[in-house]
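# Examining the three-dimensional arrangement
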Amino acid sequence: MEKLIQDYTAACPGTTIDYTTSGSGAGVKAFVGGTVDLAGSDSPLSRKERDGVIETEKAEKRCLGNPALNLPLALGPIAVAHNVDGVTNLNLTADLIARIFTGDITRWNDRAIAAANPGTALPDARIAVFYRADESGTTENFTKYLSAAADSTWNHDAAKKWPAAWGEGKEKTAGVADAVTGTPNSITYLEWGAALERGLRPARIDGVELSGESASRTLAAAEVEEDDDGLRLNIDYTPGDDAYPLIMATYEVVCSSGGPNPGLVRDLLGLFASPETQASLEELGYAPLPDSLREKVNRSISTIQ
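Keep in mind that what you see is a predicted model, and the values were worked out from it rather than measured.

Cut-offs used in this document
Residues numbered from 1 in each chain as written. Predicted model: local features only at pLDDT ≥ 70, side-chain atom pairs only at ≥ 80, totals over all residues. Heavy atoms only, no water. Helix = DSSP H or I, 4+ residues; strand = E, 2+ residues; numbered from the N terminus. Buried < 20%, exposed > 50% of the residue type's maximum accessible area, 1.4 Å probe, protein only. Contact = heavy atoms within 4.5 Å. Areas by Shrake-Rupley, 256 points an atom, 1.4 Å probe, with all protein chains shown as cover. Lys, Arg positive; Asp, Glu negative; His and termini not counted. Charge placed at Lys NZ, Arg CZ, Asp CG, Glu CD. Pairing = 2+ DSSP bridges. Salt bridge = Lys/Arg side-chain N within 4 Å of Asp/Glu carboxyl O. Patch = residues over 30% accessible without salt bridge, like charges linked within 9 Å, V, L, I, M, F, W, Y side chains within 5 Å. Axes fitted to C-alpha atoms, helices over the stretch in contact; angles between N-to-C directions. Parallel < 35°, antiparallel > 145°, perpendicular 65-115°, else oblique. Nonpolar A, V, L, I, M, F, W, Y, C, P; charged D, E, K, R; others polar. Phe/Tyr/Trp six-rings, centres within 6.5 Å; stacked < 30°, edge-to-face > 60°. Lys NZ or Arg CZ within 6 Å of the ring centre and 35° of its normal. Core = buried A, V, L, I, M, F, W, Y, C linked by side-chain atoms within 4.5 Å.

So, on to the overall build of the protein chain. Secondary structure summary: the protein chain contains 12 helices and 11 strands in total. Taking the principal axes of its C-alpha atoms as reference, the protein chain extends roughly 60 × 40 × 35 Å. Residues classed as buried in the protein chain amount to 50% of the 305 residues present. Partitioning the contacts of the protein chain with sequence separation of at least 6, the portion at a separation of at least 24 is 73%. As displayed, the protein chain has an accessible area near 13,400 Å², and 46% of this comes from carbon and sulfur atoms. Where the 27 positive side-chain charges of the protein chain centre and where its 44 negative ones centre are 4 Å apart.

Below, the structure is given as structure tokens:
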């Protein structure tokens, strides 16, 4: 978003765009509360009631009776980042990740981890687990993955708030990233871009290394649901074929109509969906949208009024 805003204001001098990094939960609350023009979220607005709230209904009221659009504009792979002494190439499975993040496995040299990493010298050290303490779209997508790919060992619903009674919570992406950076033999989940920025090592999942190409293979297999509230991606978390399975779409949430500054919002998101901006995403730790999806997103953006 910082790069997008820099590019837009360079092309349109005199324009001021303020963007606050507050986490998906806080961003959505600010949007439905009417204090921001758009919100970034790593999951679309929920149609289900949670804590007495249905996000799509609150957003429709905020948009003067018009639906809010959920627009996927970047693919953000989730890195399972670690700081394991002496280990640079760690391999995990969905089942191992679930068992580590629920406290069923507590030491790095556990036989189950060793079996997935033949020939790797794993330390006899306790695993320090860190999770997001704030409501987070990354948490929701991480728990969606575990619910789908490790359903025999992960017994929690997908949620923005961390559901398991294990580990130590840290605020926002920076909090978990700093915790793993400063704590030997630790592990967390966070956006790939944040892991790259801090030099954190992502684990391979089922032997597949995290890259823009391997993550895009999973996106290519996703189903796209298109309706009045934009586009939603239904991701297959067990895609196989050298695809990195742990991905999430980064959505921008805006009013389809009835919101403030529709022209500016439409132009800014149009730049985001342009081939040039999309081509620049991988260096920031994101993967571009496939052309077919990008064209659908552009059509939705053009309807904002």
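By the criterion of burial, strand E10 (residues 230-234) is predominantly enclosed, with 4 of the 5 residues buried. What sits between the antiparallel neighbours strand E9 (residues 223-227) and E10 is a turn of 2 residues.

In total, this model carries 16 salt bridges according to the counting rule given. One salt bridge connects Asp229 with Arg47, and the closest N-O pair in it is separated by 3.3 Å. Taken as a pair, Asp229 in the loop between E9 and E10 and Arg47 in the loop between strand E1 (39-41) and helix H3 (55-62) lie far apart in primary sequence, 182 residues in all. Between Lys170 and Glu168 there is a salt bridge, and its shortest N-O distance comes to 3.1 Å. On the basis of relative accessible area, Lys170 is assigned to the partly exposed category, the value being 25%. Here the salt bridges do not stand alone but share partners, grouping Arg47, Glu225, Asp227, Asp229 and Arg232 into one network.

Let's shift gears to a negative patch on the surface. On the surface, Glu49, Asp51, Glu57 and Glu60 cluster together to form a negatively charged patch. Within the fold, Glu49 resides in the loop between E1 and H3.

How two helices pack is summed up by the angle between their axes together with the distance between the axes. Close contact between helix H10 (residues 262-272) and helix H12 (residues 291-302) brings their axes to 9 Å; oriented N to C, the two are set at 170°. Between H10 and H12, the crossing angle belongs to the class labelled roughly antiparallel. Each of Arg266, Leu269 and Gly270 in H10 lies in contact with H12, whose residues at this interface are Asn298, Ile301 and Ser302. Of the residues belonging to the contact of H10 with H12, the class tally is 2 nonpolar, 3 polar and 1 charged.

What follows concerns the packing of aromatic side chains. All told, the structure shown has 9 aromatic pairs when counted by the stated rule. An angle of 55° between the planes, with centres 5.7 Å apart, marks the rings of Trp154 and Trp162 as tilted. Here the aromatic cluster, defined as three or more aromatic residues joined through ring pairs, consists of Phe101, Tyr131, Phe142, Trp154, Trp162 and Tyr189. Over the aromatic face of Phe31 sits the side chain of Arg62, whose NZ or CZ is 4.8 Å from the ring centroid.

Within the element layout of this structure, Gly263 appears in helix H10. Classification of Gly263 by relative accessible area gives partly exposed; the value is 25%. Spatially, the C-alpha atom of Gly263 lies 58 Å from that of Gly119, the residues being 144 residues apart in sequence.

A word on the pairing of strand E2 (residues 68-83). Where burial is concerned, most of E2 is hidden: 16 out of the 16 residues are buried. Bridge count for E2 against strand E11 (residues 247-255) is 9 bridges, and the pairing is antiparallel. Counterpart to Pro77 in the pairing with E11 is Ile247. Bridge count between E2 and strand E6 (residues 186-191): 6 bridges; the pairing is antiparallel. Bridge assignment links Ala81 to a residue of E6, and that residue is Thr188. Here E2 runs beside strand E7 (residues 201-202); their pairing, made up of 2 bridges, is antiparallel. By the bridge assignment, Ala81 is partnered in E7 with Pro202.

Counting 81 residues, the largest nonpolar core has Ile100 and Phe142 as the members making the most contacts within it. Counting residues per element, this core draws most heavily on E2, at 9 residues. Counting residues in each nonpolar core, the second largest holds 10 residues, with Leu45, Ala59, Ala68 and Cys255 among its members.

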